[in-house]
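# Structural overview for review
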Amino acid sequence: MASALHFLPNHKTFFSEVDRVLKPGGCLAVYGYKPLLKCDDEDKTTELNQIWKYYLEERLGQYQPYLTTINRYLDIQFPYGDIMRDDSMSMVSDMTVADTIGYIKSTSMYRIYLDKYPDDYNILGEVENKLMAVLDVDTSPEKTLLKRVCPIFLIMCRKPK
């Protein structure tokens, strides 16, 4: 399951269905990621991620139905005892500040937040302004590059034979 387990309201139901269809000895593999921001300056990277964490985890995160990606699925009880975890991979991509705001805009938690607070659409402007203030550059958000680093967590478990 690719980065979706956190959207399921009932993991027991999902795992029951996995158990029904997975043959003995078969493997259930799920993964997810938690995006972080990076730039060339370590102090600025720390500040960027404090902003990122505040808005994505604290401000908008309460509107994500299931917050298990924040702790990398560590709170999920997997159905089989033979569990292997791999936290060694990352996806890295260049994104502009404007792309970063577009990413937030595409999340379900932002949409749920807007349903609850339809007049607070400017929250994305707040994020953009704070990111740009930390970067302290003369370029526009559309031309200001960041790196998005997504540490991947992969969990695999094998159904007993």
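See the structure printed just above.
Residues numbered from 1 in each chain as written. Predicted model: local features only at pLDDT ≥ 70, side-chain atom pairs only at ≥ 80, totals over all residues. Heavy atoms only, no water.

Bringing a negative patch on the surface into the picture now. A surface patch of like charges, here negative, comprises Asp40, Asp41, Glu42, Asp43 and Glu47. When you line up the elements, Asp40 lands in the loop between β2 (36-38) and α2 (42-59). (Patch = residues over 30% accessible without salt bridge, like charges linked within 9 Å, V, L, I, M, F, W, Y side chains within 5 Å. Areas by Shrake-Rupley, 256 points an atom, 1.4 Å probe, with all protein chains shown as cover. Salt bridge = Lys/Arg side-chain N within 4 Å of Asp/Glu carboxyl O. Lys, Arg positive; Asp, Glu negative; His and termini not counted. Charge placed at Lys NZ, Arg CZ, Asp CG, Glu CD. Helix = DSSP H or I, 4+ residues; strand = E, 2+ residues; numbered from the N terminus.)

The subject of this paragraph is the environment of Glu17. Here Glu17 is to be found in helix α1 (residues 11-21). Along the sequence, Glu17 and Ala4 sit 13 residues apart, while their C-alpha atoms lie 15 Å from each other.

Looking now at the packing of α2 against helix α5 (residues 123-135). At a minimum axis separation of 9 Å, α2 and α5 run at an interaxial angle of 165°. Comparing the axis directions of α2 and α5 gives the class roughly antiparallel. The crossing of α2 and α5 is right-handed. Contact with α2, carried on its side by Lys44, Glu47, Leu48, Ile51, Tyr55 and Arg59, involves Ile123, Glu126, Val127, Lys130, Leu131, Val134 and Leu135 of α5 and no other residues of that element. Tallied by class, the residues present in the contact of α2 with α5 amount to 8 nonpolar, no polar and 5 charged. (Axes fitted to C-alpha atoms, helices over the stretch in contact; angles between N-to-C directions. Parallel < 35°, antiparallel > 145°, perpendicular 65-115°, else oblique. Left-handed = near helix turned anticlockwise from the far one by under 90°. Contact = heavy atoms within 4.5 Å. Nonpolar A, V, L, I, M, F, W, Y, C, P; charged D, E, K, R; others polar.)

Counting 25 residues, the largest nonpolar core has Leu48, Leu56, Leu60, Ile104, Ile123, Leu131 and Leu146 as its most contacted members. When contributions to this core are tallied by element, the ones reaching two or more residues are α2, α3 (97-105), α4 (108-116) and α5. A total of 7 residues in this core trace back to one element, the largest contributor, which is α5. The residues touching Leu56, leaving out its near neighbours within four places in the chain, are Gly61, Tyr103, Ile104 and Met109. Leu5, Phe14, Val18 and Ile76 belong to the second-largest nonpolar core, a separate cluster that totals 14 residues. (Core = buried A, V, L, I, M, F, W, Y, C linked by side-chain atoms within 4.5 Å. Buried < 20%, exposed > 50% of the residue type's maximum accessible area, 1.4 Å probe, protein only.)

With respect to the helices, strands and loops of the structure, Thr96 is situated in strand β3 (residues 82-96). Taking relative accessible area as the criterion, Thr96 reaches 11% and is therefore assigned buried. Within the structure, the side chain of Thr96 is placed 2.9 Å from the backbone nitrogen of Asp99, a separation counted as a polar contact. Contacts of Thr96, omitting those with residues within four sequence positions, involve Pro141, Glu142, Thr144 and Leu145. (Polar contact = N/O pair within 3.5 Å; in protein donor to acceptor, adjacent residues only side chain to side chain.)

Another aspect to go through is the packing of aromatic side chains. For the coordinates displayed, the defined rule picks out 6 aromatic pairs. Seen in terms of ring centroids, Phe14 and Phe15 are 5.4 Å apart; in terms of plane orientation they differ by 55°. Their pairing is tilted. Exposure class is identical for Phe14 and Phe15. Each is buried. For the pair Tyr54 and Tyr55, a centre-to-centre distance of 4.9 Å together with 80° between the ring planes defines the contact as edge-to-face. Here Tyr54 falls in the partly exposed class, since its relative accessible area comes to 36%. Owing to a relative accessible area of 2%, Tyr55 belongs among the buried residues under this scheme. Taken together, the ring pairs connect Phe14, Phe15 and Phe78 into an aromatic cluster. One Lys or Arg, Arg148, reaches over the ring of Tyr103 and ends 4.7 Å from the middle of that ring. (Phe/Tyr/Trp six-rings, centres within 6.5 Å; stacked < 30°, edge-to-face > 60°. Lys NZ or Arg CZ within 6 Å of the ring centre and 35° of its normal.)

What follows deals with the environment of Ile76. Tracing the chain through its elements places Ile76 in the loop between α2 and β3. Taking relative accessible area as the criterion, Ile76 reaches 8% and is therefore assigned buried. When the C-alpha positions of Ile76 and Ala2 are compared, they lie 15 Å apart, and in sequence the two are 74 residues distant.

Quick look at α3 now. Within the span of α3, buried status applies to Val97, Thr100, Ile101, Tyr103 and Ile104. Taken around the axis of α3, the buried residues stretch over an arc of 155°, which confines them to a single face. (Arc of directions from axis to C-beta.)

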